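Close look at the chain arrangement
Below, each chain spelled out in residue letters.
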Amino acid sequence: MALPSPIAPVPDAAEVLRARYTKRLPARLGDLKGPAHGTVDLPLHVVWSGRRSYDVSRPRARMGLYRTVLTEGQREDLVNFLNRDLLISQWPVLRTLISSLIRDAWEDAFDHHGQQLSRCMAQM
């Protein structure tokens, strides 16, 4: 006689990813102290293959850097490699290039904390 095995509920992948991205967020946008110019070399735990060096003064390179850090970086990476003002200035385009889970996590968190991320971006 076979015993029924308990089946654990399978977590929704989107919920798991959203929680992961939300957990990485800085407390405030003002915590983002990344460089506004110069070259950034990402560590291997953020980008393990392909391009690792980015010239922040070049908009296309910076967009690639920000996409990579937003997707793969931990909280310390977000704080160290993203610049608040540059993030805000390129958010209208950047938000269309990242996953909706990352975009929603950032916009929900900072609108909730009164920092009006999406509203700031819309005014630029």
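Provided above is the structure to which this section pertains.
The following refers to the structure shown. (Residues numbered from 1 in each chain as written. Predicted model: local features only at pLDDT ≥ 70, side-chain atom pairs only at ≥ 80, totals over all residues. Heavy atoms only, no water.)

**Considering the packing of aromatic side chains**
Going by this rule: In this scheme Phe, Tyr and Trp rings, the latter by its six-membered ring, pair at centre separations within 6.5 Å, and the angle between planes marks the pair as stacked below 30 degrees, edge-to-face above 60, and tilted otherwise. Put simply, DSSP marks the helices as runs of H or I at least four residues long and the strands as runs of E at least two long, and each gets a number from the N terminus on. Partly exposed residues are those whose accessible area sits between 20% and 50% of the maximum for their type, while under 20% is buried and over 50% is exposed, using a 1.4 Å probe and protein chains only.
Under the defined criterion, the tally for this structure stands at two aromatic pairs. Centre to centre, the rings of tryptophan 91 and tryptophan 106 are 6.4 Å apart; their planes meet at 40 degrees, and the pair counts as tilted. Within this pair, whereas tryptophan 91 is found in helix H4 (residues 84-97), its partner tryptophan 106 is found in helix H5 (residues 100-112), the two being separated by 15 residues in sequence. Residue tryptophan 91 shares its accessibility class with tryptophan 106, and that shared class is buried. Ring plane angle 45 degrees and centroid distance 5.4 Å describe the contact between tryptophan 106 and phenylalanine 110, whose orientation is recorded as tilted. Of this pair, tryptophan 106 and phenylalanine 110 both sit in helix H5, four residues apart, which is roughly one turn of that helix. Phenylalanine 110 shares its class with tryptophan 106; the two are buried. One aromatic cluster is present, built from ring pairs that chain together Trp91, Trp106 and Phe110.

**Re the nonpolar core**
Note the following rule: For our purposes a nonpolar core is just a set of buried Ala, Val, Leu, Ile, Met, Phe, Trp, Tyr and Cys residues, chained together by side-chain atoms within 4.5 Å. By definition in these notes, contact holds between two residues if any of their heavy atoms fall within 4.5 Å.
Of all hydrophobic cores here, the largest spans 28 residues; its most connected members are Leu42, Leu65, Leu70, Leu82, Leu87, Leu94 and Trp106. Taken together, the elements giving at least two residues each to this core come down to helix H2 (59-72), helix H3 (75-81), H4 and H5. Once residues lying within four places of it in the same chain are set aside, the contact partners of leucine 70 are Tyr21, Leu78, Leu82, Trp91, Leu94, Ile98, Ile102 and Trp106.

**Examining the pattern of salt bridges**
For clarity, the cut-off: In the sections that follow, a salt bridge refers to a side-chain nitrogen of Lys or Arg positioned within 4 Å of a carboxyl oxygen of Asp or Glu.
Taken as a whole and assessed by the stated rule, the structure comprises five salt bridges. The salt bridge involving aspartate 31 is made with arginine 28; its shortest N-O contact spans 3.1 Å. Residue aspartate 31 is classed as partly exposed on the basis of its relative accessible area, which comes to 23%. Arginine 84 is the salt-bridge partner of aspartate 85, the closest N and O atoms lying 2.6 Å from each other. Judged by its relative accessible area of 32%, arginine 84 is partly exposed.

**Thoughts on the packing of H2 against H4**
For clarity, the threshold we go by: Angular values range over 0 to 180 degrees, each being the angle between N-to-C directions of two axes fitted as lines to C-alpha atoms, with helices fitted over their stretch in contact. An angle counts as roughly parallel when it lies under 35 degrees, as roughly antiparallel when it exceeds 145, as roughly perpendicular when it falls between 65 and 115, and as oblique in every other case. Side-chain classes follow a simple rule in which Ala, Val, Leu, Ile, Met, Phe, Trp, Tyr, Cys and Pro form the nonpolar group, Asp, Glu, Lys and Arg form the charged group, and the remainder, Gly included, forms the polar group.
Look at H2 against H4: their axes get within 10 Å of each other, and the N-to-C directions meet at 75 degrees. On the basis of their axis angle, the class for H2 and H4 is roughly perpendicular. The segment H2 lies against H4, with Arg62, Met63, Tyr66, Arg67 and Leu70 engaging Leu86, Leu87, Gln90, Trp91, Val93, Leu94 and Leu97. Taken together, the residues of the contact of H2 with H4 break down into nine nonpolar, one polar and two charged.

**Some remarks on the environment of leucine 65**
Along the chain, leucine 65 turns up in helix H2. You can call leucine 65 buried: its relative accessible area is 0%. Separated by 16 residues in the primary sequence, leucine 65 and phenylalanine 81 have C-alpha atoms spaced 8.4 Å apart. For leucine 65, the contacting residues outside a window of four places in its chain are Val40, Leu42, Tyr54, Val56 and Phe81.

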